[in-house]
Each structure stands twice: as C-alpha cells, then as structure tokens.
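Remarks on the overall topology
The chain contents come next:
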Amino acid sequence: MSELPRYLFRNFSAWLDKESYLGQCSEIELPMLKAKTEEILNGGMVLPVEVILSYEKLEAKAKLTSFDPRALALFGLKFGTLRSYMFAGAFVDEVDGTTHSAVVSAFGFVHQLKVDSWKVGDKKLDNEWEIAIREFSLEIAGKAILSMNPFEVTVNGVSQTGSIRRALLV
C-alpha cells in the first residue's frame with residue numbers, strides 16, 4: 001500500500017436551488033457532523049462513559065463573490081419552504097491519478113445572509129450564506145457514504161437508527 005495521500009482536494013462547484021453558481025462561489029463549509037452526547041456514571045461504575053443521545057443540527061456555509069439577485073432571493077422564503085443545495089468536489093488520488101467526485105446534497109433554507117460592506121475600490125463583494133439543513137447526504141465516487149434527516153442516519157448504506165424506529169413502530 002502506498003503512503004501517498006489519496007483524495008486530495010482540487011476544486012468544487014455549487015448549486016443553490018438547482019441553479020449552477022460555477023465561478024461565483026469562492027468557498028463552502030460543509031456541515032459539521034457531531035453526536036450529541038451525555039456522560040453517564042452509574043452505580044458500580046468507576047469510569048464515566050459517553051453515550052450518544054442524538055446529533056447536533058446541521059448547517060452549511062457558502063461564500064459568493066457576486067451580488068446575484070437569484071441567490072439573494074433565496075433568503076426570506078415562506079415558512080416551511082425548503083430548497084436544494086448541492087456542492088461537488090473534485091479529489092485526486094496521488095497514487096494513480098484517478099479523479100473522484102464527492103457530492104454533498106442538502107435540503108434546507110438560508111437562515112442568515114451577510115453581505116460585505118460596499119466600498120469603492122474593493123475588487124469583490126462577498127456574500128456569506130448560512131444554510132439550516134434538514135436533509136444531508138454525501139456520496140464519494142458514486143457510493144453513498146453518509147445521509148441524515150430528522151428521523152434517520154445511514155452510514156455506508158446501513159441504517160444506524162433503524163432498530164430505534166422499529167421499536168417506535170414507525
């Protein structure tokens with residue numbers, strides 16, 4: 001096995017509400033996946049343990065360098081309205097030169113929009129988006145790696161919460 005790195009990041013593209021923003025999005029921050037845990041130290045135990053209770057809410061961020069009215073109109077949608085967001089990254093294997101695609105798909109809404117100050121002489125005007133995510137999935141090279149929604153977590157296509165859902169009769 002080679003010690004050279006695999007899946008090195010090269011570039012990305014973004015879609016907001018199914019519209020391509022190729023060449024307009026300068027940065028994305030994928031959702032941080034974090035378990036919500038609690039420490040337990042019960043009778044007879046001499047060492048506390050962390051147990052997973054649920055998961056933290058999911059958020060993504062995107063930074064646009066254009067003052068695009070289509071993107072600006074995604075803020076302030078009617079309550080309960082979700083939009084699709086997709087980010088695709090190109091990753092290269094340094095061992096054999098193979099390029100792999102990593103695709104993040106999400107449904108949610110823009111809950112914060114920050115526009116940089118308008119200043120004469122500045123070369124660009126950044127718009128920072130924060131997206132509250134209800135559904136999230138990650139595919140690498142066409143293989144489902146992770147998916148999350150309010151009721152289900154799946155890793156490598158295997159439900160991590162299915163037994164709980166069955167116990168709840170859902």
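See the structure shown above.
So, here's what we can say about the structure. Starting from 1, residues in each chain are numbered consecutively following that chain's sequence as written. With pLDDT at 70 or above as the cut-off, local features in this predicted model cover only qualifying residues; side-chain atom pairs require 80 or more to be listed or tallied, and sums for whole chains, interfaces and linings still use all residues. As a rule here, side-chain values come from all non-hydrogen atoms in the structure, and water together with hydrogens is ignored.

Here the focus is the packing of aromatic side chains. When two rings of Phe, Tyr or Trp (its six-membered ring) have centres within 6.5 Å they constitute a pair, described as stacked for plane angles under 30 degrees, edge-to-face for angles over 60, and tilted for the intermediate range. Under the criterion given, the structure shown has 3 aromatic pairs. Ring geometry for Phe9 against Phe91: centres 5.5 Å apart, planes inclined by 65 degrees, an arrangement best described as edge-to-face. Of this pair, Phe9 sits in strand β1 (residues 8-16) while Phe91 is found in strand β7 (residues 83-92), placing the two residues 82 residues apart along the sequence. Categorising residues by exposure relies on relative accessible area from a 1.4 Å probe, with only protein chains included: less than 20% of the type maximum marks a residue as buried, more than 50% marks it as exposed, and the intermediate range marks it as partly exposed. For Phe9, a relative accessible area of 47% translates into the label partly exposed. Between Phe67 and Trp118, the ring centres sit 5.5 Å apart and the planes meet at 90 degrees, which makes this aromatic pair edge-to-face. Here Phe67 is found in the loop between β6 (58-64) and α1 (69-72), whereas its partner Trp118 is found in the loop between β8 (99-115) and β9 (127-140), with 51 residues between them in sequence. On the basis of relative accessibility, which here comes to 67%, the residue Trp118 falls in the exposed class. Among the aromatic residues, those joined into a ring-pair cluster are Phe9, Phe12 and Phe91. The helix and strand labels rest on DSSP assignments: H or I over at least four residues marks a helix, E over at least two residues marks a strand, and numbering proceeds from the N terminus.

Before going further, it helps to spend a moment on unusual backbone geometry. Residue Asp17 is not a glycine yet carries a positive backbone phi of 50 degrees. With respect to the helices and strands, Asp17 occurs in the loop between β1 and β2 (19-20). In the Ramachandran plot, Ala141 falls in the positive-phi region, its phi being about 55 degrees despite a non-glycine side chain. Relative to the assigned elements, Ala141 resides in the loop between β9 and β10 (143-149).

Here we come to a nonpolar patch on the surface. Note on patches: the residues involved have over 30% relative accessible area and no salt bridge, like charges join within 9 Å, and the nonpolar side chains Val, Leu, Ile, Met, Phe, Trp and Tyr join within 5 Å. Computed with the Shrake-Rupley method and a 1.4 Å probe, the accessible areas treat only the protein chains shown as cover for residues. Note on definitions: salt bridges are taken to be side-chain nitrogens of Lys or Arg within 4 Å of carboxyl oxygens of Asp or Glu. A cluster of nonpolar residues, Leu41, Met45 and Val49, forms a patch on the protein surface that exposes about 240 Å² of accessible area. Topologically, Val49 is positioned in strand β5 (residues 49-55). Relative accessible area serves as the criterion here: at 37%, Val49 is assigned to the partly exposed category.

There is about 440 Å³ of room inside the largest pocket. A pocket, in this scheme, is an open set of points on a 1 Å grid over the protein atoms alone with protein on both sides within 12 Å along at least 5 of 7 lines, while a cavity is a set where a 1.4 Å probe fits but cannot get out; residues line either one if an atom lies within 4 Å of a point. Contributing to the lining of the largest pocket are 21 residues, with Ser54, Tyr55, Asn149, Pro150 and Val153 lying nearest its centre. Where the lining of the largest pocket is concerned, the elements lending two or more residues are β5, β9, β10, β11 (152-155) and α2 (162-167). It is β5 that contributes the most residues to the lining of the largest pocket, 4 residues altogether. The classification used treats Ala, Val, Leu, Ile, Met, Phe, Trp, Tyr, Cys and Pro as nonpolar, Asp, Glu, Lys and Arg as charged, and all other residues, Gly among them, as polar. Here the residues of the lining of the largest pocket are counted per class, giving 12 nonpolar, 4 polar and 5 charged. A volume near 180 Å³ is recorded for the second largest pocket. For the second largest pocket, the full set of lining residues is Glu29, Leu30, Pro31, Met32, Glu56, Lys57, Leu58, Glu59, Ala60 and Lys61. Counting residues per element, the lining of the second largest pocket draws most heavily on β6, which supplies 4 residues. Residues of the lining of the second largest pocket, tallied by class, amount to 5 nonpolar, no polar and 5 charged. Grid points are joined across faces, edges and corners, and a volume is the space filled by probe spheres set on the points.

What follows deals with the pattern of salt bridges. This model, assessed by the stated rule, comprises 9 salt bridges. The residue Asp93 makes a salt bridge to Arg6 at a minimum N-O spacing of 2.7 Å. Here the residue Asp93 occupies a position in the loop between β7 and β8, and Arg6 occupies one in the segment before β1, the gap between them amounting to 87 residues. Using a relative accessible area of 38% as the deciding quantity, one classes Arg6 as partly exposed. For Glu27, the salt bridge goes to Lys63, with nearest N and O atoms at 3.7 Å. One end of the pair, Glu27, is in strand β3 (residues 25-29); the other, Lys63, is in strand β6, with 36 residues separating them in the sequence. Residues joined in a network through salt bridges with shared partners are Glu19, Asp68 and Arg70.

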